[in-house]
Amino acid sequence: MATSVHVEDGIHSSSESKEPVSDLKLGHDGLPLVPQPSDHKDDPLNWPTWYKYYVLTLLCLLAFIVQFGAGMVPAAFGVIAEGYGVTHQQASYLTTSYTLLGGLTPLLLTPYVNLYGRRPAYIIFTVIAIGANIGSAYAPTYGTQIVSRCFVGIGASVALAIGGATICDMFFQGERGKFIGFYALALTNGPHFGPIAGGFIALNLGWRWIFKINAIMMGGILAIFLVSFPETLYSRTEFSTLENRSYWYRLAFRGKVLNRKLTLSDFLNNFRMLKYVSVVVPCIYYMTTNTYGSIIFVLTASTITKDLYNFDTAQNGVFLGVPLTLGCLIGEACTGWISDWLINCYARRHDGYRKPEARLHLAYLGLFVPAGLIIHGVSTQHRAPWIALAIGMVVTSIGVQAGTTLVYSYCSDCYKPQAAEISTIINLFRQIYAFTIGFYALPFGENQGFGVAWGTFAAINFVTWLPLVLLIFKGDKIREKQGTPKMHEDI
């Protein structure tokens, strides 16, 4: 009996593989490549390394600009509220409305990107976001501003929802953690840099220029996407309708990339992934991590710092952006590439099988989130110097970045062919839960004390973290018992 290696993402089988080791394509480390690339040069897995890096850079740039634009708005809540004659709380709904639509829209989009490709979605929805930002810049009333922000959320949703799937189209399992980490850095740090710029723009140019500059930035990235961002959707069995075509032919919209029918059942695929424990548990954890470890600071910082330190919009932006960014950089330095190293070390000891749960040994970094929240909440309640609050944000952000990278990497490892659905579900949980924070975080902190409120959020995050420990030791058995999804297994 020939020695065998199981090369599929997800469930490990001790039985014979369909392909003997000699027939498998190996990476530079001598381990089997997962997924196995085809022999076609147009397969994104076979693209030159420099080209993959270029596409990844564009993807991260779009994700960063989308989040950066969203992050600029909270720094100007005060002056926006004055401009429309509404309360500070009502001004915060500009962000929550954006967040809600950004979470719901991809549910309708995913079936199309699995047939017509990723590229058309990026371009069409970026155009929507540009138009909506222009609308926000000239919105005469609070109501029209809310409507415009909803459309910005629709346009921005693609960069947030299918970025993970695009990365999985191009990179192998053993290297995916590092590159998903870069994407996660863009996602998490966009809202952190945004307040720095938003504060200065609102102070020196007026708050409406926040939306104008956002539209200009997105117009620039759209121009680059139009002429150089390729289609990454590819089938391991049907290949692609764009194969062996000219460069400009592939950039034009030519209909379906994969020749198969779109059915009403396809629109339920996102929800079908909710039956899998290895998807739902990380998503529940991540929604609390992102909301209580990042969004909460973005939405409450201007109110807290104005009360405690009388910061203006520019000072508030710097105070918010620098600590959160520093924490994320530290967190990613300890996560993405190390998780790849862990999963590849496991593979060397287990006949080339990369067990997804090997990455989750870094989940303990997630405990920085509740620790940082407690530091920040107690410091706020006792009116401590601003440096104490900044330290709390740094500590929290370490855990946020680690959690973001691990959730995307682990779920994609478990069910790679369904990466688009997984990215959509992660985005849905993140956005819907973040949508609610604007309604209760500040009132809770002001009424009960920020130490109590932030401590409660820390406890909730810790409770959602605990099941990750179960997945470390039992995740493979749970996945084996549940089986694998049967939808588009060839992607």
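For the structure, see preceding data.
Note that the structure is a prediction, hence the values are computed from the model and not measured.

Caption draft 1: The arrangement of the overall build of the protein in detail. Within the protein one finds 19 helices and 0 strands. Computed over C-alpha atoms, the radius of gyration of the protein comes to 22 Å, within 12% of the 23 Å expected from 2.2 N^0.38 for 491 residues, which places it in the range of a compact globule. Projected onto its principal axes, the C-alpha positions of the protein cover 75 × 50 × 40 Å. Looking at the protein as a whole, 62% of its 491 residues qualify as buried. Nonlocal contacts in the protein, meaning residues at least 24 apart in sequence, comprise 80% of its contacts between residues at least 6 apart. Carbon together with sulfur atoms contributes 67% to the accessible area of the protein, which is approximately 18500 Å² in total. Of note, the protein has its 34 positive side-chain charges centred 4 Å away from the centre of its 29 negative side-chain charges.

Caption draft 2: View of the environment of glycine 438. Relative to the elements of secondary structure, glycine 438 occurs in helix 18 (residues 419–448). Classification of glycine 438 by relative accessible area gives buried; the value is 9%. When the C-alpha atoms of glycine 438 and histidine 350 are compared, they prove to be 47 Å apart, with 88 residues separating the residues in sequence. Once you skip the residues sitting within four places of it in the chain, glycine 438 turns out to touch Gln89, Ser92, Tyr93, Thr96 and Leu299.

Caption draft 3: Looking closely at unusual backbone geometry. Here the residue pair valine 34 and proline 35 is connected by a cis peptide bond, since its omega of -5 degrees sits within 30 degrees of zero. Although it is not a glycine, asparagine 244 sits at a positive phi angle of roughly 60 degrees. Tracing the backbone shows asparagine 244 in the loop between helix 10 (208–228) and helix 11 (247–251). Here arginine 383, not a glycine, exhibits a phi torsion of approximately 50 degrees, which is positive.

Caption draft 4: Region of the structure containing the packing of helix 9 (residues 173–204) against helix 15 (residues 336–349). Running from amino to carboxyl end, helix 9 crosses helix 15 at an angle of 165 degrees, the nearest separation of the two axes being 7 Å. Here helix 9 is positioned roughly antiparallel relative to helix 15, judged by the angle of their axes. Crossing of helix 9 against helix 15: the hand is right-handed. Judged by residue contacts, Gln173, Gly174, Glu175, Arg176, Gly177 and Lys178 of helix 9 engage Gly336, Trp337, Ser339, Asp340, Ile343 and Asn344 from helix 15. Per-class residue counts for the contact of helix 9 with helix 15 are 2 nonpolar, 6 polar and 4 charged.

Caption draft 5: Seen up close, the pattern of salt bridges. Under the criterion given, the structure shown has 11 salt bridges. Two residues, arginine 359 and aspartate 413, come together in a salt bridge whose shortest N-O distance is 2.5 Å. Note that arginine 359 is positioned in the loop between helix 15 and helix 16 (368–381) and aspartate 413 in helix 17 (residues 386–414), a separation of 54 residues in sequence. We note that arginine 359, like aspartate 413, is buried. Connected through salt bridges with shared partners, the residues Arg176, Asp340, Arg359 and Asp413 form a single ionic network.

The rules behind each value
- Each chain has its residues counted from 1, running along the sequence as written.
- For this predicted model, a pLDDT threshold of at least 70 governs which residues receive local features, and a threshold of 80 or more governs which side-chain atom pairs are given and counted, while totals over whole chains, interfaces and linings are taken from all residues.
- Computation of side-chain values: all heavy atoms of the structure, hydrogens and water removed.
- Strands are runs of DSSP state E lasting at least two residues, helices are runs of H or I lasting at least four, and both sets are numbered from the N terminus onward.
- We compute the radius of gyration from the C-alpha atoms alone; for a globule the expected value is 2.2 Å times N to the 0.38, where N is the number of residues.
- Burial classes: relative accessible area under 20% of the type maximum marks a residue as buried, over 50% as exposed, and values in between as partly exposed (1.4 Å probe, protein chains only).
- The contact criterion used is simple: two residues touch if any of their non-hydrogen atoms lie within 4.5 Å.
- Working definition of accessibility: Shrake-Rupley area with a 1.4 Å probe, residue cover restricted to the visible protein chains.
- Only four residue types enter the tally: Lys and Arg on the positive side, Asp and Glu on the negative side, with His and both chain ends excluded.
- Charge positions are represented by NZ for Lys, CZ for Arg, CG for Asp and CD for Glu.
- Under this scheme, a helix contributes an axis fitted over its contacting stretch, all axes are lines through C-alpha atoms, and angles between N-to-C directions fall in the 0 to 180 degree range.
- Oblique is the label for every angle not falling under 35 degrees (roughly parallel), over 145 degrees (roughly antiparallel), or within 65 to 115 degrees (roughly perpendicular).
- The hand of a helix crossing depends on one turn: near helix anticlockwise from the far one by less than a right angle means left-handed, and clockwise means right-handed.
- Under the convention adopted here, Pro, Cys and the residues Ala, Val, Leu, Ile, Met, Phe, Trp and Tyr are nonpolar, Asp, Glu, Lys and Arg are charged, and Gly plus all remaining residues are polar.
- Each salt bridge in this description consists of a side-chain nitrogen of Lys or Arg and a carboxyl oxygen of Asp or Glu lying within 4 Å of one another.

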